[in-house]
Amino acid sequence: MIDRDDEQTHPAAPWRWGLGPTGAVGLVVVGIAAALWSFLHLPGTTENQAVDYYRASRVVAIGLVLAGAALLGRIRARRTSDKEATREQEAA
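Remember, predicted model here, so these are calculated numbers, not experimental data. (Residues numbered from 1 in each chain as written. Predicted model: local features only at pLDDT ≥ 70, side-chain atom pairs only at ≥ 80, totals over all residues. Heavy atoms only, no water.)

Peer 1: Quick question: what am I supposed to make of a positive patch on the surface here?
Peer 2: Together, Arg76, Arg79, Lys83 and Arg87 give the surface a local cluster of positive charge. In this fold, arginine 87 is placed in helix α2 (residues 49–91). (Patch = residues over 30% accessible without salt bridge, like charges linked within 9 Å, V, L, I, M, F, W, Y side chains within 5 Å. Areas by Shrake-Rupley, 256 points an atom, 1.4 Å probe, with all protein chains shown as cover. Salt bridge = Lys/Arg side-chain N within 4 Å of Asp/Glu carboxyl O. Lys, Arg positive; Asp, Glu negative; His and termini not counted. Charge placed at Lys NZ, Arg CZ, Asp CG, Glu CD. Helix = DSSP H or I, 4+ residues; strand = E, 2+ residues; numbered from the N terminus.)

Peer 1: What is the right way to read a nonpolar patch on the surface from this model?
Peer 2: There is a patch of nonpolar side chains on the surface, built from Phe39, Leu40 and Tyr53 and spanning about 320 Å² of accessible area. Within the secondary structure, phenylalanine 39 is located in helix α1 (residues 20–39). For phenylalanine 39, a relative accessible area of 54% puts it in the exposed group. (Buried < 20%, exposed > 50% of the residue type's maximum accessible area, 1.4 Å probe, protein only.)

Peer 1: Can you help me understand α2 in this one?
Peer 2: Because each turn of an α-helix spans 3.6 residues, side chains separated by three or four positions in sequence point in the same direction. Taking 1.5 Å per residue, 43 residues should reach 63 Å; α2 reaches 63 Å between its end C-alpha atoms and fits that length. Of the residues making up α2, those classed as buried are Asp52, Ala56, Val60, Gly63, Leu66 and Ala70. (Expected span 1.5 Å × (residues − 1).)

Peer 1: Explain α1 to me, please; I cannot follow it from the model alone.
Peer 2: With 20 residues, α1 extends 29 Å from end C-alpha to end C-alpha; this agrees with the ideal 28 Å at 1.5 Å per step. Along α1, the positions that sit buried rather than exposed are Gly20, Gly23, Ala24, Leu27, Val28, Gly31 and Ser38. Along α1, the residues classed as buried sweep out an arc of 145 degrees about the axis, all on the same side. Structural note: α1 exposes Thr22, Val25, Val29 and Phe39 on the side pointing more than 90 degrees away from its buried face. Against the buried residues of α1 lie α2. Taken from the residues just after α1, histidine 41 is the one with a positive phi, measuring 55 degrees. (Arc of directions from axis to C-beta. Contact = heavy atoms within 4.5 Å.)

Okay, structure coming up:
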């Protein structure tokens, strides 16, 4: 993921804007833990389990999207650096 200065971030950016790959994995783990919590009927679960599962699935989905975006960003950066290295070798 691209590191951005505070000056470059948009003031209306969502809370998940700068989590990065580590935060994405954390969100996936928290979402799975929330689903297990609801499945096991531990204290704090609502009577309507479908709502709990829906909330947990949203957290997991956001985490997966962020992780995929971070992975694509790294792949693109690697491809760009490989192309630049190839151009430098051809020019030499």
